[in-house]
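Given next are the chains, with one letter for each unit.
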Amino acid sequence: MTYAITQTCCSDATCVAVCPVNCIHPTPEEREFGSTEMLHIDPATCIDCGACADACPVDAIFPVDSLSAADAGYAAVNAAYFADKEPPAQAPGPNFHTWGAPTFERSLPSDFAPIRVAVVGTGPAGMYAAEDLLLHTNAEVTLVDRLPVAGGLIRYGVAPDHPATKKVGDTFARFHTHPRVRMRLGVEVGKDVTAEELAAHHDAVVYAVGASTDRRLGVPGEELPGSVSATAFVSWYNAHPECAPDAIGLTGAERVVVVGNGNVALDVARILVMDPETLAGTDIADHALAALRASRVREVVLLGRRGPEDAAYTASELLALTHLPGVRLVVDDHDPRTGEAINGAGPREKAALLRDLAREAVDWTHPPSETGERRIVLRFHSAPVALAGEGAVRAARVTEGPGEREIPAGLVLRAVGYRGVPVPGLPFDEATGTVPHDRGRVAGMPGTYVVGWIKRGPSGGIGANRTCAAETVGTLLADAVAGALPAPSRTPQAFRRLARGRGAEVVDARGLAAIDRAERTRGRETGRPRVKLATVADLVAAARGRRPRRPI
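Conventions and cut-offs
Residues numbered from 1 in each chain as written. Predicted model: local features only at pLDDT ≥ 70, side-chain atom pairs only at ≥ 80, totals over all residues. Heavy atoms only, no water. Salt bridge = Lys/Arg side-chain N within 4 Å of Asp/Glu carboxyl O. Helix = DSSP H or I, 4+ residues; strand = E, 2+ residues; numbered from the N terminus. Buried < 20%, exposed > 50% of the residue type's maximum accessible area, 1.4 Å probe, protein only. Pairing = 2+ DSSP bridges. Axes fitted to C-alpha atoms, helices over the stretch in contact; angles between N-to-C directions. Contact = heavy atoms within 4.5 Å. Disulfide = S-S within 2.5 Å. Core = buried A, V, L, I, M, F, W, Y, C linked by side-chain atoms within 4.5 Å. Phe/Tyr/Trp six-rings, centres within 6.5 Å; stacked < 30°, edge-to-face > 60°. Expected span 1.5 Å × (residues − 1). Parallel < 35°, antiparallel > 145°, perpendicular 65-115°, else oblique. Nonpolar A, V, L, I, M, F, W, Y, C, P; charged D, E, K, R; others polar.

Undergrad: Explain the pattern of salt bridges here, please?
TA: Pairing is possible between side chains of opposite charge, provided their charged atoms come close. Scanning all chains against the criterion turns up 41 salt bridges. For E242, the salt bridge identified is with R146, shortest N-O distance 2.4 Å. Placement of E242 in the loop between α9 (230-237) and β11 (255-259) and of R146 in the loop between β6 (140-145) and α5 (153-156) is noted, with a sequence separation of 96 residues between them. You can call R146 partly exposed: its relative accessible area is 36%. For the salt bridge of R255 with E299, the shortest nitrogen-to-oxygen distance reads 2.5 Å. Taken together, the positions of R255 in strand β11 and E299 in strand β12 (residues 299-303) put the pair 44 residues apart, joining distant regions of the chain. Across the pair, E299 and R255 agree in class, each one buried.

Set out below in structure tokens:
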């Protein structure tokens, strides 16, 4: 029996470090690491020790013979990765694995005074940076977030039906109460305090603020009501306090067009058509669950400008979509290039996963309710040219061969990528939506660093932030040893007083724990893991020990 890595792989390589036979690839030392969609276990080398499954922070690794029907395909995905590769050289000895010499690239001399580092952002990038600092040095870390609750992408970006992926948040949460950590949640840099003031209280500041807005389509009608960013839709169903419960309207929409075919597009399509009662056992926002229960959406069309061979979604997410109960997955056969790409795809190509799906020339003149089924239509070689409607979106006009056609829809979601926004006080590259840097060091600002999507752009999943953080922390520590960090003029304790003096509702680790208890208590009352508090006021009230408003 061998093990296989499944859909929720976070690619942070924790499993690689514990494997005694070097059967998990690509490793962080290999060129493909960070560019593959997931890690893979070689079935020819695996010795069934289970160390990887024990170490996995997101419960993505299982014995092949225990995989469910929906996950059985991942055994083939793992094996296919090694099909045309030379087996790694085996070392003699009981481990069959040549362990490299220990390195301490990210460390400070033992007699070095503790440095004080602020990390702005408590999502994966910020927490990997904090973890690196706390585990490898004696640094004191201040965690800052503009929201009064920690989590970032884990809390507000991961789909509610992916609870295993959210488990990486438990790994990060153990650092919230670390003795060398101070939490200052509910403080926004650029509003409550300036970047200069934050720097004055710390030796260094690491910005991990992500990419919080979306890219635009640039087509006529994009501003019509009923044209919404996938960013807003994801925030809506994840109870983000900056997204109002009524921000998304599903009333009357039977068909939804999603522009894009990355993982976010697949997420929103899946949430729109899956059985709401399945979502009722998750931490989805109460208002979203109520809207989905009342929804008439029966069909979601995913528009891809290019062909299936160039689709942006990962093979693991597409494979999961093919097993969605009660939902039929269809390939729109309007363009012959689509079928040619699917038929000619090799075993390691994503297009091959579409080979067993139905291919149909879809008749868009009929409403989805006529068929009585729920389905997702993958339409490749088609791009939006305009959104039509008077007062609200009525249809999406898209390319079809040399011409165009209209696809009637009551809602259009654009899922064509995220984009970073400027941080007041920091330089910003408008072309890339990132902060200019050199290995994480912000240009022209000694003691200031970036990590995550604001550093490298919106690419890579949760685990990609681990190697990204290692580079930034390595740069920071090298600067510390070289004496290049400016000395702070104020204490970290004074920072809290400054923020509160500006009117910020500062939440610390004790307040965060109170929020967690309140949400879990609400969840137990309804048979759910938690019921998220969906407004800043309710989050702050819970942090202060006051009773939040009850869920509707």
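Having put the structure on the table, let's press on.
Undergrad: Help me understand the sheet that holds strand β16 (residues 384-388) in this model?
TA: Remark on secondary structure: sheet strands pair via backbone hydrogen bonds, oriented parallel or antiparallel. The strand order across the open sheet built from three strands is β16-β17-β18, with neighbouring strands paired in antiparallel fashion. Looking at which strands have only one partner, the edges of the open sheet turn out to be β16 and β18 (403-408). The mean inter-strand angle of the sheet, taken between neighbouring strand axes irrespective of direction, is 25°. Of the pairings in the sheet, the one linking β16 to strand β17 (residues 395-400) comprises four bridges and is antiparallel in character. Residue pairing for β17: A388 is matched across the bridge by A395.

Undergrad: Would you explain unusual backbone geometry in this entry?
TA: Glycine aside, negative phi is the norm for most residues, and most peptide bonds take the trans geometry. A cis amide bond links H25 to the next residue, P26, at an omega of -5°. Even without being a glycine, D59 presents a positive backbone phi close to 50°. Relative to the assigned elements, D59 resides in the loop between α2 (51-55) and β4 (61-63). Of note in this structure, R439 is not a glycine but carries a positive phi near 55°. Relative to the helices and strands, R439 is located in the loop between β21 (437-438) and β22 (441-442).

Undergrad: Hey, could you run me through helix α19 (residues 536-543) in this one?
TA: Residue pairs three or four apart in sequence face the same way in an α-helix, which turns once every 3.6 residues. Counting buried positions along α19 yields six of eight residues, so the element is predominantly enclosed. Residues of α19 that are buried: D538, L539, V540, A541, A542 and A543. Where the residues of α19 are buried, they touch α5 and α18 (509-526).

Undergrad: What is the right way to read the side chain of E131 from this model?
TA: Topologically, E131 is positioned in helix α4 (residues 124-136). Setting aside anything within four residues of it in sequence, one finds E131 in contact with T171, R174 and F175.

Undergrad: Whenever I open this one, the state of the cysteines confuses me. Can you help?
TA: Any covalent bond linking the sulfur atoms of two cysteines counts as a disulfide. Applying the stated criterion across every chain, the model contains zero disulfides. Just so you know, C9 is unpaired, no disulfide at all, and the nearest cysteine sulfur is the one on C10, 5.9 Å from it. By relative accessible area, C9 is classed as buried at 17%. The cysteine C19 is free of any disulfide, with C23 supplying the nearest cysteine sulfur at 3.6 Å.

Undergrad: So what exactly am I meant to see when it comes to the sheet that holds strand β10 (residues 227-229) here?
TA: The strand order across the open sheet built from seven strands is β10-β19-β11-β12-β15-β13-β14, with neighbouring strands paired in parallel fashion. Either end of the sheet is taken by a strand with one partner, and the two such strands are β10 and β14 (358-360). Each neighbouring strand pair of the sheet contributes to a mean axis angle of 25°, computed without reference to strand direction. The sheet contacts of α9 involve β10 and β19 (411-414), and relative to β10 the element is tilted by about 75°.

Undergrad: Teacher, can you tell me more about the nonpolar core here?
TA: Soluble globular proteins tend to bury their nonpolar side chains together. Within the largest apolar cluster, 71 residues are counted, with the highest numbers of intra-cluster contacts made by I24, L39 and I41. With seven residues, α4 is the single largest residue contributor to this core. Judged by nonpolar contacts, the second largest core, of 49 residues, contains F233, V256, L292 and Y313.

Undergrad: I would appreciate a short explanation of the packing of aromatic side chains in the present structure.
TA: In this description, a pair of aromatic rings is defined by centroid distance and the angle of the planes. Using the criterion set out here, one finds five aromatic pairs in the structure. Between Y81 and F82, the aromatic rings sit 5.1 Å apart at their centres with planes inclined by 85°, giving edge-to-face as the arrangement. By relative accessible area, which is 13% here, F82 ends up buried. Centroid distance F233 to W236: 5.5 Å. Interplanar angle 35°. Geometry classified as tilted. With F233 and W236 both in helix α9 and three residues apart, this pair spans about one turn of that helix.

Undergrad: Which parts of the structure should I look at to understand α4?
TA: Relative to the 18 Å expected for 13 residues at 1.5 Å per residue, α4 spans 18 Å between its end C-alpha atoms, a close match to the ideal helical length. Counting buried positions along α4 yields eleven of 13 residues, so the element is predominantly enclosed. Every buried residue of α4 is accounted for by P124, A125, G126, M127, Y128, A129, A130, E131, D132, L133 and L134. Of the surrounding secondary structure, the elements contacted by the buried residues of α4 are β5 (116-120), β6, α5, α7 (168-173), β7 (181-185) and α16 (464-481).

Undergrad: I'm lost on the packing of α18 against α19 in this one. Help?
TA: A pair of packed helices is captured by two measures, namely the crossing angle of their axes and the spacing between those axes. The interhelical angle for the contact between α18 and α19, taken along N-to-C directions, is 110°, at an axis separation of 7 Å. Considering the angle they form, α18 stands roughly perpendicular to α19. Facing G511, A514, I515, A518 and E519 of α18, the residues of α19 in contact are L539, A542 and A543. Considered class by class, the residues forming the contact of α18 with α19 number six nonpolar, one polar and one charged.

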